[in-house]
Structures are given as C-alpha cells and as structure tokens.
Amino acid sequence: MDIIRVKNADEGGQKAFEIIKNGIANGADTFGLATGSTPETMYSYMVSSDMDFSDKVSVNLDEYVGLDGNDEQSYRYFMNQHLFNHKPFKKTYVPDGKAEDLDAECKRYDDVIADNPIDIQVLGIGQNGHIGFNEPGTSFDATTHVVELTESTVNANKRYFDKVEDVPTRALTMGIRSIMQSKKIILMAFGKAKADAVKGMLEGEVTEDLPASVLQNHNDVAVIIDEEAASQL
Ligand SMILES: N[C@@H]1[C@@H](O)[C@H](O)[C@@H](COP(=O)(O)O)O[C@@H]1O
C-alpha cells in the first residue's frame with residue numbers, strides 16, 4: 001500500500017483529487033464514490049476545478065434503508081449536494097434505500113457494478129474499520145447486501161440526525177468483494193477517532209474482524225492519512 005501522510009483533511013482531499021485527475025488523464029472513467037465527512041474536501045477540490053465529468057460514471061458504495069433520495073440525510077442527497085449538482089456526471093448510481101424488495105435491489109446493484117467496472121474506488125473508514133457499510137464480521141466474499149448497523153456506527157453517524165432514534169439501523173452496501181475488484185483504491189482517514197482503525201488496517205492481520213485490513217491484499221491502494229489518524233503507527 002502506498003501511504004501518503006498529509007497535515008490535515010484539506011491537504012488530504014487535494015492529494016486524492018490529484019490521484020483522480022491523473023487517473024482520468026490515464027483513461028479512468030468509472031468512479032466508486034463514498035459519503036461521510038472524510039471525502040468532503042476531495043469533492044470541494046473536484047467542484048472548484050475546471051474539470052468536466054459529464055462523460056464519467058459514478059457508482060456509490062451505500063445508502064440507508066428507508067431513506068429516499070430527497071431526504072437530507074440520505075447518501076443520494078449528500079452526493080447531489082457535494083458533487084453532482086455542481087459537476088454533472090453522465091450517470092450516477094446509488095443503491096435505492098426505498099426499494100420495496102431489498103434482495104432484488106442488491107441483485108440489481110451487483111448488475112450495475114458488473115456493467116460498470118470501477119476504475120478508482122474512493123473509501124473512508126469507520127472507527128471500527130468498516131468500509132462502505134461492511135461491518136466487522138462481513139465476509140470478504142460479500143457482494144451487495146443489507147446490513148444491520150453496529151451501535152458504534154449508528155453512534156458515529158448520529159451527528160447528521162436530530163436524534164439517535166432517527167438514524168436508520170439498516171443500510172444497503174456494496175460488498176467487499178466488489179470493492180476489491182476496483183482497479184485502484186484511495187482510502188482517506190482523518191482525525192484521532194480513526195487512529196486505531198488505521199493501525200489495524202495497515203499493521204494488523206488481515207481479518208474480517210477489521211474489514212479495511214483486506215486492502216492489504218489489493219495491489220494498488222493509496223492510503224491518505226493526516227497526522228492524527230497516523231498517530232498510532
Ligand atoms: N458508510 C459510511 C462510510 O462510507 C464512511 O467511510 C464512514 C466514515 O464516515 P466519516 O467520513 O464521516 O468519518 O461513515 C459511514 O459509515
């Protein structure tokens with residue numbers, strides 16, 4: 001893994017943006033995208049650039065079950081606000097959290113991923129080492145599936161909701177197997193709360209107990225970490 005140490009989230013977002021830019025110069029046209037506070041600076045750099053993404057495709061990692069794209073807490077809404085409303089893409093995919101048949105939606109999303117192989121996948125990391133919404137214990141062979149979120153994840157994400165009871169307890173997520181099929185992966189982690197997960201991911205054993213550790217088995221990963229996230233290394 002290529003470990004890129006930066007001062008803060010702003011510099012990290014800039015580095016990630018440069019990797020995206022170089023990727024595009026080398027033919028990348030399908031991007032696996034992530035939500036959360038971590039990639040926000042990268043999206044800002046994309047939005048304020050003069051780049052055109054109108055022939056690019058995006059495939060997002062995950063969505064809360066029960067939230068519709070107009071809901072301000074949905075990941076579809078987040079993506080529209082932070083990127084797509086400013087920089088239109090040719091096509092943007094996010095799992096449908098309101099699908100009546102969630103199993104069928106998982107199958108449909110696997111077809112989307114198969115039809116749009118990801119050139120560059122952007123990831124954040126949860127405090128417990130989750131990627132996307134693949135919580136500890138998820139099989140490395142998983143494809144798109146419905147997950148019951150752990151208490152740690154619900155608590156970490158409650159800051160976006162009025163009260164903790166409003167945080168959905170289930171989500172649809174791309175599986176680890178699909179994430180690992182991306183040609184290139186950029187994982188960003190900023191802040192002290194991520195330090196233990198970052199240490200486990202980089203220095204621990206490869207184990208389903210810490211999903212991000214699977215990235216040790218991928219041959220093209222850039223890990224962008226700030227000083228606080230690197231503080232346990
Ligand atoms: N499903 C998302 C992940 O994709 C994200 O990496 C994680 C960390 O979020 P943040 O970047 O806000 O710390 O939160 C959520 O669980």
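Residues numbered from 1 in each chain as written. Predicted model: local features only at pLDDT ≥ 70, side-chain atom pairs only at ≥ 80, totals over all residues. Heavy atoms only, no water.

Looking at an unreviewed UniProt entry, one finds the protein chain named Glucosamine-6-phosphate deaminase and attributed to Tetragenococcus muriaticus 3MR10-3. Taken verbatim from the UniProt record of the protein chain, the Function (unreviewed entry) comment is "Catalyzes the reversible isomerization-deamination of glucosamine 6-phosphate (GlcN6P) to form fructose 6-phosphate (Fru6P) and ammonium ion." Per UniProt, the protein chain carries the Sequence similarities (unreviewed entry) text "Belongs to the glucosamine/galactosamine-6-phosphate isomerase family. NagB subfamily." (UniProt positions renumbered as here; feature names shortened; annotations may be inferred.)

Draft legend 1. Main features of the packing of aromatic side chains. Counting across every chain of the model gives 7 aromatic pairs. Ring geometry for Tyr-64 versus Tyr-75: centroids 4.9 Å apart, planes at 45°, classification tilted. Pair noted here: Tyr-64 is in strand 4 (residues 62–64) and Tyr-75 is in helix 3 (residues 75–84), with a separation of 11 residues, a long-range link. Taken together, a centroid distance of 5.8 Å and an interplanar angle of 80° make the contact between Tyr-64 and Phe-161 edge-to-face. On the criterion of sequence distance, the pair formed by Tyr-64 in strand 4 and Phe-161 in the loop between helix 5 (151–157) and strand 8 (170–173) is long-range, its members being 97 residues apart. Note on accessibility: Tyr-64 and Phe-161 belong to one class, buried. (Phe/Tyr/Trp six-rings, centres within 6.5 Å; stacked < 30°, edge-to-face > 60°. Helix = DSSP H or I, 4+ residues; strand = E, 2+ residues; numbered from the N terminus. Buried < 20%, exposed > 50% of the residue type's maximum accessible area, 1.4 Å probe, protein only.)

Draft legend 2. Representation of the environment of Glu-228. Relative to the helices and strands, Glu-228 is located in the segment after strand 10 (221–226). On the basis of relative accessible area, Glu-228 is assigned to the partly exposed category, the value being 43%. Taking the C-alpha atoms as reference points, Glu-228 and Gly-191, 37 residues apart in sequence, are found 4.9 Å from one another. Beyond its immediate chain neighbours, meaning those up to four positions away, Glu-228 contacts Gly-191, Lys-192 and Ala-195. (Contact = heavy atoms within 4.5 Å.)

Draft legend 3. Seen up close, the pairing of strand 6 (residues 120–123). Alternating residues of strand 6 divide into Ile-120 and Val-122 and Gln-121 and Leu-123, and every residue in both groups is buried. For strand 2 (residues 30–33) and strand 6, the ladder comprises 2 bridges, and the chain directions are parallel. Of the residues in strand 6, the one forming a bridge with Phe-31 is Ile-120. The sheet contact formed by strand 6 and strand 9 (residues 184–189) spans 4 bridges and is parallel. Each residue of the ladder has a partner; that of Val-122, found in strand 9, is Ile-186. (Pairing = 2+ DSSP bridges.)

Draft legend 4. Focus on the sheet that holds strand 6. Pairing is parallel in the open sheet, where 7 strands are placed in the order 1-10-9-6-2-3-5. Each edge of the open sheet is held by one strand with a lone partner, namely strand 1 (2–6) and strand 5 (91–93). Going from strand to strand, the sheet's axes swing by 15° on average, the running direction of each strand aside. Examined bridge by bridge, strand 2 and strand 3 (residues 57–60) share 4 bridges and lie parallel to one another. From the neighbouring strand, Phe-31 faces strand 3, where its bridge partner is Ser-58. Contacts from helix 7 (residues 195–203) reach strand 1, strand 9 and strand 10, with the element oriented near 150° to strand 10. (Axes fitted to C-alpha atoms, helices over the stretch in contact; angles between N-to-C directions.)

Draft legend 5. Examining the UniProt feature "domain: Glucosamine/galactosamine-6-phosphate isomerase" (unreviewed entry) in the protein chain more closely. Under the local residue numbering, the UniProt record ascribes the feature "domain: Glucosamine/galactosamine-6-phosphate isomerase" (unreviewed entry) to residues 18–220. The span residues 18–220 is 31% helical and 16% strand by assignment, and the distance between its end C-alpha atoms comes to 16 Å.

Draft legend 6. Region of interest: the UniProt feature "active site" (unreviewed entry) in the protein chain. Residues given the UniProt feature "active site" (unreviewed entry) here are Asp-62, Asn-128, His-130 and Glu-135. Lining the largest pocket, from this annotated set, are Asp-62, Asn-128 and His-130. Within the secondary structure, Asn-128 is located in the loop between strand 6 and strand 7 (145–148). If near-sequence neighbours (up to four positions away) are discounted, Asn-128 is found in contact with Glu-135, Pro-136, Thr-150, Ser-152, Thr-153, Asp-209, Leu-210 and Pro-211. A distance of 2.9 Å separates polar atoms of two side chains, one belonging to Asn-128 and the other to His-130. With respect to the helices and strands, Glu-135 occurs in the loop between strand 6 and strand 7. Glu-135 gets classed as buried once you look at its relative accessible area, which sits at 4%. Those residues in contact with Glu-135, other than ones at most four positions away along the chain, are Asn-128, His-130, Glu-148, Leu-149, Thr-150, Thr-153 and Pro-211. Side chain to side chain, Glu-135 and His-130 meet in a polar contact 3.3 Å long. (1 Å grid on protein atoms, 1.4 Å probe; cavity = no way out; pocket = protein on both sides within 12 Å on 5 of 7 lines; lining within 4 Å. Polar contact = N/O pair within 3.5 Å; in protein donor to acceptor, adjacent residues only side chain to side chain.)

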